[in-house]
Amino acid sequence: MKTSNPVLARLGQAAERERSAGYAPPGQYGYGQPGIPQQYPGQPGYPVAPAAGTMTIDDVVVKTVALLGILGVSAAAAWVLVPDSLVYTAWIGAAIVGVVLGLIISFSRIANPALVVAYAVVEGAFVGLVSKAYETAYEGIVLQAVVATFGVFFVMAMLYKAKVIRATPKFVKGMIAVMAGLFAVMLINFVLAVVFDVNTGLRDGSPLAIGFSLVCIVVASLSFVLSFKEVEDGVRMGLPQRYSWTAAFGIVVSLVWLYLELLRLISYFQGDD
């Protein structure tokens, strides 16, 4: 399995590691199954069942809700507790720490719930400070962006369940290319703006900026299809329950990205950024 989401792509690799270590999902071993030699505990190659059970869709849903709750509490705390004079400094600091934690979690070879929770706290602070800045400039914009974000998420979930949109190999390859390109463009634009004070027009509210935000929103929305497919495959392969934290983390990352892009797009239609 391949995906543009490096977090959920690790689910398939995790399954292979578990199997190579002797783990077999429930129902794939036992007494009297055709074609499977009968084995007993203590014999070489006897499969070891996971101590904490296997991942389910419900596990991923519960973990996702929990992470969103932690993120929301952290965002509210940052909004209230960080003085206006320190908002920008705290904003940059939280963004850097969030990126570092995100990369560690994304490319780690193990599922670490503590790191995932820490990411939710730090990212919550970042989202809270960004939201505070936008709300100060455009009253009511945060609620609009939140409603739009979850609206898009549930629409994509329904489309995926109804098989209107499917994660075919061509779809996945196309998304990988587009997301890699968007990431490169956004990184270059950030460096040019912050380091060299160059305005490329991608984030200034111009027609080009509106078009770019729309592209980002469409791609962020479609990334949920890849996430749903990877979670579905992880459950089908019988991954250990702890990987539900990894799956939930990937979904939360996409939700945050979509929210920030919607926040920016809405601001373009309410006045100068």
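Looking at an unreviewed UniProt entry, one finds the protein named YccA/Bax inhibitor family protein and attributed to Micromonospora purpureochromogenes.

(A) Just the packing of aromatic side chains, in detail. Enumeration according to the criterion identifies seven aromatic pairs in this entry. For the pair tryptophan 91 and phenylalanine 126, a centre-to-centre distance of 6.5 Å together with 65° between the ring planes defines the contact as edge-to-face. You can see tryptophan 91 sitting in helix α3 (residues 87-107) and its partner phenylalanine 126 sitting in helix α4 (residues 113-137), a full 35 residues away along the chain. Overall, the relative accessible area of 23% leaves tryptophan 91 in the partly exposed class. Judged by its relative accessible area of 13%, phenylalanine 126 is buried. Here the aromatic rings of phenylalanine 153 and phenylalanine 224 are separated by 5.1 Å at their centres, their planes lie at 80°, and the arrangement is edge-to-face. You can see phenylalanine 153 sitting in helix α5 (residues 141-161) and its partner phenylalanine 224 sitting in helix α7 (residues 207-236), a full 71 residues away along the chain. The pair formed by phenylalanine 153 and phenylalanine 224 is uniform in burial state, with each residue classed as buried. By the ring-pair criterion, three or more aromatic residues cluster together here, those being Phe153, Phe154, Tyr160, Phe224 and Phe228.

(B) How the structure looks around the layout of surface pockets. Taken as a whole, the second largest pocket spans an internal volume of roughly 630 Å³. The wall of the second largest pocket is formed by 23 residues, among which Ile57, Val61, Phe153, Ala157 and Phe228 lie closest to the centre. Listed by contribution, the elements that provide at least two residues to the lining of the second largest pocket are α2 (57-81), α5, α7 and α8 (243-268). By residue class, the composition of the lining of the second largest pocket is 16 nonpolar, two polar and five charged.

(C) Layout of the nonpolar core. The biggest cluster of nonpolar side chains holds 36 residues, and the ones touching the most others in it are Phe171, Phe224, Val225 and Trp257. For this core, the secondary-structure elements that each account for two or more residues are α5, α6 (169-194), α7 and α8. Other than its neighbours up to four places away in sequence, phenylalanine 171 contacts Ile165, Arg166, Leu222, Val225 and Leu226. Formed by 30 residues, the second largest nonpolar core is a distinct cluster that contains Ile105, Ile141, Ala145 and Trp245.

What counts, and where the lines are drawn
- Residues numbered from 1 in each chain as written.
- Predicted model: local features only at pLDDT ≥ 70, side-chain atom pairs only at ≥ 80, totals over all residues.
- Heavy atoms only, no water.
- Phe/Tyr/Trp six-rings, centres within 6.5 Å; stacked < 30°, edge-to-face > 60°.
- Helix = DSSP H or I, 4+ residues; strand = E, 2+ residues; numbered from the N terminus.
- Buried < 20%, exposed > 50% of the residue type's maximum accessible area, 1.4 Å probe, protein only.
- 1 Å grid on protein atoms, 1.4 Å probe; cavity = no way out; pocket = protein on both sides within 12 Å on 5 of 7 lines; lining within 4 Å.
- Points joined across faces, edges and corners; volume = space filled by probe spheres on them.
- Nonpolar A, V, L, I, M, F, W, Y, C, P; charged D, E, K, R; others polar.
- Core = buried A, V, L, I, M, F, W, Y, C linked by side-chain atoms within 4.5 Å.
- Contact = heavy atoms within 4.5 Å.

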